[in-house]
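# Report on the structure
Given next are the chains, with one letter for each unit.
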Amino acid sequence: MHQYCWIRQQLREKTEKTAAPNLPLEGFDVIEEIKTQLEETCPGSKTSLWKVLTGRRDGKISIASEALANLISPFSNFNTLKKGFEKKSLTVHDLVVLSGAHTIGVGHCNLFRKRLYNFTGNGDAGPSLDAEYAAFLKTKCLNLSDNTSIVGMDRDSSLSFDNHYFKQLKLNQGLFQSDAALLTDNEAANIVEELGANSDKYFSEFAQSMKRMGAIGVLTGSSGEIRKKCNVVNS
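In this report, the structure presented in the accompanying data block is examined. Everything numeric in this text was worked out from a predicted model, so none of it was measured.

### With respect to the packing of aromatic side chains
Both the distance between ring centres and the angle between the ring planes are used here to describe each pair of aromatic rings. This structure, assessed with the given rule, holds eight aromatic pairs. Aromatic ring contacts, followed pair by pair, group F161, Y165, F166, Y202, F203 and F206 into a single cluster. Positioned above the aromatic ring of F136 is the side chain of R155, whose terminal nitrogen or guanidinium carbon lies 4.2 Å from the ring centre.

### Some remarks on the packing of helix α5 (residues 92-99) against helix α11 (residues 199-213)
Closest axis-to-axis distance for the α5/α11 pair is 9 Å, and the angle between their directions is 115°. In terms of axis orientation, α5 runs roughly perpendicular to α11. The handedness of the crossing between α5 and α11 is left-handed. Across from H93, D94, V97 and L98 in α5, the residues of α11 making contact are Y202, E205, F206, S209, M210, R212 and M213. Within the contact of α5 with α11, the residues separate by chemical class into six nonpolar, two polar and three charged.

### So, unusual backbone geometry
Positioned with a positive phi, S89 is a non-glycine residue whose angle comes to about 65°. Within the secondary structure, S89 is located in the loop between α4 (78-86) and α5. The phi torsion at D156 lies on the positive side, around 70°, for a residue other than glycine. Within the secondary structure, D156 is located in the loop between β2 (150-152) and α8 (164-170).

### A few points about the state of the cysteines
Across all of its chains, the model carries one disulfide by this definition. Disulfide pairing is shown between C109 and C141; the S-S distance is 1.7 Å. One end of the pair, C109, is in the loop between β1 (106-108) and α6 (113-117); the other, C141, is in the loop between α7 (131-138) and β2, with 32 residues separating them in the sequence. Residue classification places C109 among the buried positions, given a relative accessible area of 0%.

### Comments concerning α4
By the burial criterion, the buried members of α4 are F78, L81, G84 and F85. Viewed end-on, α4 has its buried residues packed into an arc of 130°, placing them on one side of the element. Relative to its buried face, α4 has exposed residues pointing more than 90 degrees away, namely N79 and K83. Residues of α4 that are buried in the fold lie against α5, α9 (177-181) and α10 (186-197). Where α4 starts, the residue carrying a side-chain oxygen 3.3 Å from the main-chain nitrogen of N79 turns out to be N77.

### A closer look at α7
For α7, the complete set of buried residues consists of Y133, A134 and L137. Down the axis of α7, the buried set is contained in an arc of 100°. They therefore lie on one face. In this structure, the buried side of α7 is in contact with α6, β2 and α8. For α7, the N-terminal capping position is held by D130, with its side-chain oxygen 3.3 Å away from the main-chain nitrogen of E132.

### Topic: the nonpolar core
Core analysis: the biggest nonpolar cluster contains 20 residues, and F78, V96, F166, L182 and L195 have the highest contact counts within it. The element contributing the most residues to this core is α5, with five residues. With near-sequence residues (within four places) excluded, F166 lies in contact with V96, V97, G100, V192, L195, G196 and Y202. L129, C141, V151 and F176 belong to the second-largest nonpolar core, a separate cluster that totals 13 residues.

### Details of the pattern of salt bridges
Under the definition given, this model contains four salt bridges. R212 is the salt-bridge partner of D94, the closest N and O atoms lying 2.9 Å from each other. Of this pair, D94 sits in helix α5 while R212 sits in helix α11, and the two are 118 residues apart along the sequence. Take R212: its relative accessible area is 37%, and that puts it in the partly exposed class. For K170, the salt bridge goes to E193, with nearest N and O atoms at 3.3 Å. Here the residue K170 occupies a position in helix α8, and E193 occupies one in helix α10, the gap between them amounting to 23 residues.

Definitions and cut-offs
Residues numbered from 1 in each chain as written. Predicted model: local features only at pLDDT ≥ 70, side-chain atom pairs only at ≥ 80, totals over all residues. Heavy atoms only, no water. Phe/Tyr/Trp six-rings, centres within 6.5 Å; stacked < 30°, edge-to-face > 60°. Lys NZ or Arg CZ within 6 Å of the ring centre and 35° of its normal. Axes fitted to C-alpha atoms, helices over the stretch in contact; angles between N-to-C directions. Helix = DSSP H or I, 4+ residues; strand = E, 2+ residues; numbered from the N terminus. Parallel < 35°, antiparallel > 145°, perpendicular 65-115°, else oblique. Left-handed = near helix turned anticlockwise from the far one by under 90°. Contact = heavy atoms within 4.5 Å. Nonpolar A, V, L, I, M, F, W, Y, C, P; charged D, E, K, R; others polar. Disulfide = S-S within 2.5 Å. Buried < 20%, exposed > 50% of the residue type's maximum accessible area, 1.4 Å probe, protein only. Arc of directions from axis to C-beta. Polar contact = N/O pair within 3.5 Å; in protein donor to acceptor, adjacent residues only side chain to side chain. Core = buried A, V, L, I, M, F, W, Y, C linked by side-chain atoms within 4.5 Å. Salt bridge = Lys/Arg side-chain N within 4 Å of Asp/Glu carboxyl O.

Right, here's the structure in full:
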């Protein structure tokens, strides 16, 4: 809920929520309902019901261009991923751990279809993609023009938060190019191996990496505000 509430809002421009990478996101109604109930129980409070770091405040503006500038593309190679996380003071370990969030949810065909049908521009599949998995994906994403089909990011486990993503990744069954990129670096590949072998370790490490990510760009003191509703600034 925190990350949605931190969205900065400026009504004269397109907001982060309407930026192209964020358009497929769903579930905002659930977040808003949670916030409504929290506000009714603890008015003006951010942390009364959960054990999270205190002192955080919401921003007052939201600009789509900031999302485009800060969100890392699913087509990224490892160096791009690493540099993007380093800019936010996050490590390779954080990169791999947080990539495990792909264990839940779906991916849209336009974000992985090139790996299936035209990876190098010659009508070929990407070499880092398991052949059997590629054949499966082609039954979901039917051609290079498919813009609407979706598929679970974590095959057979996209509704459960678990470490199956890492097990799948080791089999070259990561959905996005950015997933496969984690295996191209020795340090990252070793972390994938460790997390795939130990679910308890993954759960623990994910919590710690989420805390570090939650410390990015924190507003405190008189900066920002505590919103009454997540999706609009206070009037």
